[in-house]
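Here is how the chains run, residue by residue.
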Amino acid sequence: MRASLAAIFALTLSGCVQQAVLENDVRSAQRKARTLSTAADTSLAFAALSAQLVELEALHQRDPSDARVLGLLDRGYRLMGHGFIELRYLEALAAGDTARAEAEARLRSDAEARARYYRERLSPSAPKLAPLAVEGDFTEAEAACGRRDRNGYEQRLNALLAAPEQKPEERLERTLVRRIAGAWLLPGVAARCKF
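Cut-offs used in this document
Along each chain, residues carry numbers from 1 onward, in the same order as the chain's sequence is written. Side-chain atom pairs in this predicted model are given and counted only at pLDDT of 80 or more, local residue features only at pLDDT of at least 70, and totals for whole chains, interfaces and linings cover all residues. Each side-chain value is derived from all of the structure's non-hydrogen atoms; neither hydrogens nor water enter the calculation. Cysteine sulfur atoms are paired as a disulfide whenever they fall within 2.5 Å. Only DSSP runs of H or I covering at least 4 residues are called helices, and only runs of E covering at least 2 are called strands; the numbering of each starts at the N terminus. Exposure categories follow from relative accessible area, calculated using a 1.4 Å probe and restricted to protein chains: below 20% of the type maximum is buried, above 50% is exposed, and the middle band is partly exposed. Think of a salt bridge as a Lys or Arg side-chain nitrogen and an Asp or Glu carboxyl oxygen that are within 4 Å of each other. We call two residues contacting when some pair of their heavy atoms lies within 4.5 Å. Angles shown run from 0 to 180 degrees and are taken between the N-to-C directions of axes, each axis being a line fitted to C-alpha atoms and, for helices, limited to the stretch in contact. Should an angle fall under 35 degrees it is taken as roughly parallel, and over 145 as roughly antiparallel, whereas 65 to 115 is taken as roughly perpendicular and any remaining angle as oblique. Note on convention: near helix rotated counterclockwise from far helix by under a right angle means a left-handed crossing. Clockwise means right-handed. In this classification, Asp, Glu, Lys and Arg are treated as charged, Ala, Val, Leu, Ile, Met, Phe, Trp, Tyr, Cys and Pro as nonpolar, and every other residue, Gly included, as polar.

1. Thoughts on the state of the cysteines
Under the counting rule described, the total for this entry stands at 1 disulfide. In this model, Cys145 is linked to Cys193 through a disulfide, with the two sulfur atoms separated by 2.1 Å. Given an S-S torsion of about -110 degrees, the disulfide between Cys145 and Cys193 has left-handed geometry. Taken as a pair, Cys145 in helix H6 (residues 139-147) and Cys193 in the segment after helix H9 (187-190) lie far apart in primary sequence, 48 residues in all. What makes Cys145 buried here is its relative accessible area of 15%.

Okay, here's the thing in C-alpha cells:
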C-alpha cells in the first residue's frame, strides 16, 4: 500500500513539474515574441523568427491545445509569409528573377497554410488575433494598382514609408512595411499595375 501511494505521489509530482516546466517555456516564448517585435534589423529578426517557430512547434507537440502557443504559431507564420517571404518575393520580382519569385511564392503559400492550420485549432472562445500591418496596410495601394491609379498607388506607398511606429513593439512590422512599400515602388514590381 505504501509503495503504491508513493508511486502515485511521484507520478503526481512528476506531472506537476512537467506542467510547471511547460508553463515556464510558454511564458519564455511569449517574452521572446515581444522582444522580437522590437527589432529593426530584418536579417537578425528573420533568423530569430525562424528559430522561434521551431521552438514553438516543439511546444505545440508538448501541449497541442495551448491557445497561447497556437496564437504565437499563427502570428509567427503570418509574419514570416506576409513580411519576410513577401519581401524576398518582391526583391526577386524587381530583379526579374522569375524562378526565385516563384520559389518565394511557394514558401509564402506554405507559411500561410501553416498559419491557417494553427489558427483553425484555436477554440472559438479564444481571443481574436490582431491583424498584422504587413497584411492590411497594402489594401489601398493594391486597390489603386487594380484601378491603374499611379498617383493613388504612389501616395499610399509613400505614406507607408513615412509612417513611424507608435510604440517599440511595432518596430519590426513597421520596418517590414516600409521595406515592402519601397519594393512596391520599384519599376519591376510596379509594372504589375500596368500604369
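2. Some details on the pattern of salt bridges
In this structure the tally under the stated criterion is 20 salt bridges. Its salt-bridge partner being Arg27, residue Glu23 comes within 3.0 Å of it at the nearest N-O pair. Taken as a pair, Glu23 and Arg27 lie in helix H1 (residues 2-36) at a separation of 4 residues, close to a single helical turn. Judged by its relative accessible area of 22%, Glu23 falls in the partly exposed class. With a relative accessible area of 48%, Arg27 lands in the partly exposed category. Note that Glu55 and Lys32 form a salt bridge whose closest N and O atoms lie 3.0 Å from each other. One end of the pair, Glu55, is in helix H2 (residues 42-62); the other, Lys32, is in helix H1, with 23 residues separating them in the sequence. Classification of Glu55 by relative accessible area gives partly exposed; the value is 27%. Three or more residues joined by partner-sharing salt bridges are found here, namely Glu23, Arg27, Asp66 and Arg68.

3. Some points on the environment of Ala101
Turning to its location among the elements, Ala101 is positioned in helix H4 (residues 98-120). Along the primary structure Ala101 and Pro168 are separated by 67 residues, whereas in three dimensions their C-alpha atoms are 32 Å apart. Beyond its immediate chain neighbours, meaning those up to four positions away, Ala101 contacts Tyr89, Ala92 and Leu93.

4. A short note on the packing of helix H3 (residues 67-94) against H4
H4 packs onto H3 with a crossing angle of 170 degrees between their chain directions and a minimal axis gap of 8 Å. What the angle tells us is that H3 and H4 run roughly antiparallel. Crossing hand, H3 versus H4: left-handed. Classifying every residue of the contact of H3 with H4 by side-chain character gives 13 nonpolar, 2 polar and 11 charged.

Honestly, that's just the spatial picture; any functional story needs more than this.
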